[in-house]
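# Report on the structure
One letter stands for each residue in the lines below.
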Amino acid sequence: MIQEPIKAETVEMTYREAVKQAIRDAIKRDERVFLMGEDVGRYGGCYAVSHGLLAEFGPERIRDTPLSESGFTGAGIGSAMAGMRPIVELMTVNFSLLALDQILNTAATMRHMSGNQFGVPVVIRMATGAGRQLAAQHSHSLEGWYAHIPGIKVLTPATLEDARGMLWTALQDPDPVLIFENVMLYNMTGKLAADAGPVDIAKAAVRREGRHISLITYGGSLWKTLEAATALALEGIEAEVIDLRSLRPLDDATIMASVAKTRHAVVVDEGWRTGSLAAEVGMRIIEQAFWSLDAPLGRVCSEEVPIPYPRHLEQAALPQAAKIVAAAKAALGKS
Amino acid sequence: MTLAADKPRLTREHLLNLLKQMLRIRRFEDKCSELYTQEKIRGFMHLYDGEEAVAVGVIPILDKRDRIVATYREHGQALVRGVPMTTVMAEMYGKQEGCSRGRGGSMHLFDAATNFYGGNAIVGGGLPLAVGLALADKMWRNDLVTACFFGDGAVAEGEFHESMNLAALWELPILFVCENNLYAMGTALALSESETDIHRKAECYRITSEAVDGMDVVAVEAAARRAVHAVRESRKPYFLECRTYRLRAHSMFDPQLYREKSEVEARRKSEPILRFEQWLQDNHMIHPDELPRLEAEIDAEIAEAVAFAEAGTWEPVEQLTRFVYADATEATGRVTP
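Residues numbered from 1 in each chain as written. Chains lettered and ligands numbered in written order. Predicted model: local features only at pLDDT ≥ 70, side-chain atom pairs only at ≥ 80, totals over all residues.

Secondary structure summary: chain B contains 13 helices and 8 strands in total. Relative to the compact-globule value of 20 Å for 337 residues, chain B shows a C-alpha radius of gyration of 20 Å, a close match. For chain B, the residues scored as buried account for 51% of the 337 residues in total. Summarising the internal contacts of chain B: among those between residues at least 6 apart in sequence, 75% fall at separations of at least 24. (Helix = DSSP H or I, 4+ residues; strand = E, 2+ residues; numbered from the N terminus. Rg over C-alpha atoms; globule rule 2.2 N^0.38 Å. Buried ≥ 20, exposed ≤ 12 C-beta atoms within 10 Å, placed from the backbone. Contact = placed C-beta atoms within 7 Å.)

Set out below in structure tokens:
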């Protein structure tokens, strides 16, 4: 597992714990911040992210809500417009569709529609992605859809540093920010600097350097892509791995700099292939770096099927290291 | 005409102001309708003709610091709240001097200076927003009231249910004002609701509620006074159903196939402005020359608003993508040069 250079003292923790520390820190630092969502309090959070926070901060700042996604997401938006800095937790991206009216029609439009009079500094967190055999209504990766919407920002923390650091920066942002936490990352363990703090939320990161091909990905797929890069290295192929971190805005400069160097690119995206974020990234490469390319672009996305329950079918539906290796070799003309 | 016992100041001046506010809305919208046919105003435009007593009865009862959430049929609310008629008209034109810089148009009037939170054109979508504004006031320990206007159509939305429940459960200081004009676009209330006595729905959430004749501005004002006082003191929601009637089409594109002309004509006889004028005359509260004077004042204000809108400027196309984010330079990422 690759982490940022280790500074000073480090502590070992899970991604889940990093998210929790980010929430704790934000609530302590800013009296305007509160967490709101289904089962965030007494239950401790659907994925146990907020376990223990109710006892520490009380029910006003760790606010359990009824199963009213549109209602409490709208309440987060309204309270943000009135000066609070709410963190709204939607259990999964599939449930967020019940709040899509508020996210798209209110949060994303408000600043523009009101002629810049009202901004919506809300942060909306949710779990995304497959791999836990939760089948077709709890496993999808719709962050690419959200990245389609002007007026919001879309973050996909893949590392402990980002899980710990993106939230505070997002809360400082004057506009709505959506944070997608891949469900397969919550149990991931790693070392985090004891003094880890806020990180930027606008730049992509090069997680592994290489000169033969750019593998561009984000979120849960980052680790599969790094695994693929390790495998490719054994065959003499040096892959550069780009973690997009932010899907909106996209950091074109980092992508194009990498492609200019490697002259080959494969985009790895857990969303469905058709109309995917991978398509957007690929098209931007065509628009901006076409003459740098030595070969057609490749994509590894989820298969076009609702995520099935049986493990072997679920895994077959998702991007995997072996598929990424194959796509990279195809792009390089090596089979 | 209702004369409730708890109306504290039915002075002649006050009554004439109620009349003037209703006339302001009516005559402003008559002008808008004319300007629409001249294609000065485009898009969807929803007129408030017949419903003026609701905004005029409720909004002046609110404190300046209070918050208002309205719908796409909100010209009346904006004008009564004190959004300048000049900037409202410029917004109707789409000029950058408009109250939403021209970005919103008729359906999206916003004004931070008067805590006017729009101009929300997804039916029911303003209710969760109002819940959030009131939640913030509760958490800040403010004594503000949020007034949330919506129509009978919104009652069928899930967001209505969610918002009623949240407001009651969390004890939020919201005045819900249901403008029941009997039609959700073209669908009659009886064709869309199993319970047509709307204020009773609020009771299911243990929200104090009442229904009032929304064509009677004095009755609406008296009810609003009770309601706002109750919200401010109890810090709990209150539900006011104002039974009214839309005398014009839903929007400028509506041929009104869903109701008989005779129904509209009958309703026209009890419309709030004529009715109030008649009542003022019967009670010798208005001199014969006062109505023309009020109308002349309003017409001068409208003429000024039209001149302001006509003289307004179009936002340069180069600024198209402004206001999507607070800082546009970092917001959109760089798209193809």
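Moving on to the sheet that holds strand S10 (residues 213–217) of chain A. Residues and elements named next belong to chain A. Strands sit in the order S9-S11-S10-S13-S14 across an open sheet of 5 strands; the sheet is mixed. At either margin of the open sheet sits one strand with a lone partner, and together these are strand S9 (205–208) and strand S14 (298–302). Adjacent strand axes in the sheet meet at a mean angle of 25 degrees, parallel and antiparallel pairs treated alike. For S10 and strand S13 (residues 265–272), the ladder comprises 3 bridges, and the chain directions are parallel. Pairing of isoleucine 216 across the sheet is with valine 267, part of S13. (Pairing = 2+ DSSP bridges. Axes fitted to C-alpha atoms, helices over the stretch in contact; angles between N-to-C directions.)

Okay, the pairing of strand S5 (residues 123–128) of chain A next. All names here are of chain A. Counting buried positions over the 6 residues of S5 gives 6, a clear majority of the element. Side chains Val123, Arg125 and Ala127 of S5 all project onto a buried face; the interleaved residues Ile124, Met126 and Thr128 project onto the opposite face, where all are buried too. When strand S4 (residues 85–92) meets S5, the two strands line up parallel, connected through 5 bridges. Paired with threonine 92 across the strands is alanine 127, a residue of S5. Judged from the 6 bridges that link them, S5 and strand S7 (residues 177–182) form a sheet pairing that is parallel. The partner of valine 123 across the bridge, within S7, is valine 177.

A few words now on the sheet that holds S7(A). The pairing of strands in a sheet comes from backbone hydrogen bonds and takes either a parallel or an antiparallel form. All names here are of chain A. Strand order across the open sheet formed by 7 strands is S3-S2-S4-S5-S7-S6-S12, with mixed pairing between neighbours. Each of the sheet's edge strands pairs with one partner strand only, and the pair in question is strand S3 (62–64) and strand S12 (246–248). In this sheet, adjacent strand axes meet at a mean angle of 20 degrees when their direction is disregarded. Bridge count for strand S2 (residues 33–37) against S4 is 5 bridges, and the pairing is parallel. Paired with leucine 35 across the strands is isoleucine 87, a residue of S4.

This part is about the interface of chain B and chain A. On the side of chain A, 40 residues touch chain B, which itself brings 38 residues to the contact. Among the elements of the structure, strand S2 (116–120), helix H5 (126–140), helix H6 (158–169) and helix H13 (328–331) of chain B are those that each provide at least two residues to the side of chain B that touches chain A. The element best represented in the side of chain B that touches chain A is H5(B), accounting for 11 residues. Here the side of chain B that touches chain A is composed, by residue class, of 19 nonpolar, 12 polar and 7 charged. (Nonpolar A, V, L, I, M, F, W, Y, C, P; charged D, E, K, R; others polar.)

Residues and elements named next belong to chain A. Mapped onto the elements, aspartate 251 comes out in the loop between S12 and helix H10 (252–262). In this structure aspartate 251 comes out as buried when scored by C-beta crowding, with 20 C-beta atoms within 10 Å. Spatially, the C-alpha atom of aspartate 251 lies 9.3 Å from that of alanine 205, the residues being 46 residues apart in sequence.

So, on to unusual backbone geometry. Of the consecutive residues Arg248(A) and Pro249(A), the connecting peptide bond is found in the cis state with omega at 0 degrees. Within the secondary structure layout, Pro249(A) lies in the loop between S12 and H10. With a phi close to 60 degrees, Gln256(B) is a non-glycine residue in the positive phi region. Here Gln256(B) shows up in the loop between strand S8 (238–243) and helix H10 (261–268).

The next point concerns H10(A). Residues and elements named next belong to chain A. The complete set of buried residues in H10 reads Asp252, Ile255, Ser258, Val259 and Thr262. Buried residues in H10, looked at end-on, bunch into an arc of 140 degrees, giving them a common side. Along its buried surface, H10 packs onto S9, S10, strand S11 (239–243), S13 and helix H11 (277–289). Arginine 263 lies just past H10 and shows a positive phi near 65 degrees. (Arc of directions from axis to C-beta.)

The biggest cluster of nonpolar side chains holds 202 residues, and the ones touching the most others in it are Leu215(A), Val266(A), Ala328(A), Cys148(B), Leu175(B), Val177(B) and Leu240(B). Top contributing element to this core by residue count: helix H9 (residues 217–234) of chain B, with 10 residues. Per-domain counts for this core show at least three residues from each of domain 1 (12–193) and domain 2 (205–331) of chain A. The residues touching Val266(A), leaving out its near neighbours within four places in the chain, are Ile213(A), Leu215(A), Gly298(A), Arg299(A), Val300(A), Ile324(A), Ala327(A), Ala328(A) and Ala331(A). (Core = buried A, V, L, I, M, F, W, Y, C linked by C-beta atoms within 7 Å. Domains from an automatic or database assignment.)

Right, let's talk about H11(A) for a bit. For H11(A), built from 13 residues, the straight-helix expectation of 18 Å at 1.5 Å per residue is met to within 8% by its first-to-last C-alpha distance of 18 Å. On its buried face, H11(A) is in contact with helix H7 (143–146), S10, S12, H10, S13 and S14 of chain A. (Expected span 1.5 Å × (residues − 1).)

Moving on: the domain arrangement of chain A. When cut into domains, chain A gives domain 1 (12–193) and domain 2 (205–331). Going through the elements one at a time, H7, strand S6 (153–155) and S7 of chain A are the ones with two or more residues in the side of domain 1 of chain A that touches domain 2 of chain A.

Residues and elements named next belong to chain B. At their nearest, the axes of helix H4 (residues 85–93) and helix H12 (residues 290–311) sit 8 Å apart, and the two run at 45 degrees to each other. On the basis of their axis angle, the class for H4 and H12 is oblique. Between H4 and H12 the crossing geometry is right-handed. Seen from H4, the contacting residues are Met85, Thr86, Met89, Ala90, Met92 and Tyr93; seen from H12, they are Glu301, Ile302, Glu304, Ala305, Val306, Phe308 and Ala309. For the contact of H4 with H12, the per-class residue count stands at 10 nonpolar, 1 polar and 2 charged. (Parallel < 35°, antiparallel > 145°, perpendicular 65-115°, else oblique. Left-handed = near helix turned anticlockwise from the far one by under 90°.)

Residue and element names in this part refer to chain B. Most of strand S1 (residues 67–71) is tucked away, with 5 of its 5 residues classed as buried. Every second residue of S1 is oriented toward a common face, with Arg67, Val69 and Thr71 on one face and Ile68 and Ala70 on the other, all of them buried. In terms of strand pairing, S1 meets strand S3 (residues 146–151) through 3 bridges, oriented parallel. Its bridge partner being in S3, isoleucine 68 is matched across the sheet by alanine 147.

Residues and elements named next belong to chain A. Close contact between helix H3 (residues 69–81) and helix H5 (residues 100–107) brings their axes to 8 Å; oriented N to C, the two are set at 30 degrees. In terms of their interaxial angle, H3 and H5 are classed as roughly parallel. Between H3, through Ser70, Thr73, Gly74 and Ile77, and H5, the contact on the second element is made entirely by Asp101, Gln102, Ile103, Thr106 and Ala107. Class assignment for the residues of the contact of H3 with H5 results in 3 nonpolar, 5 polar and 1 charged.

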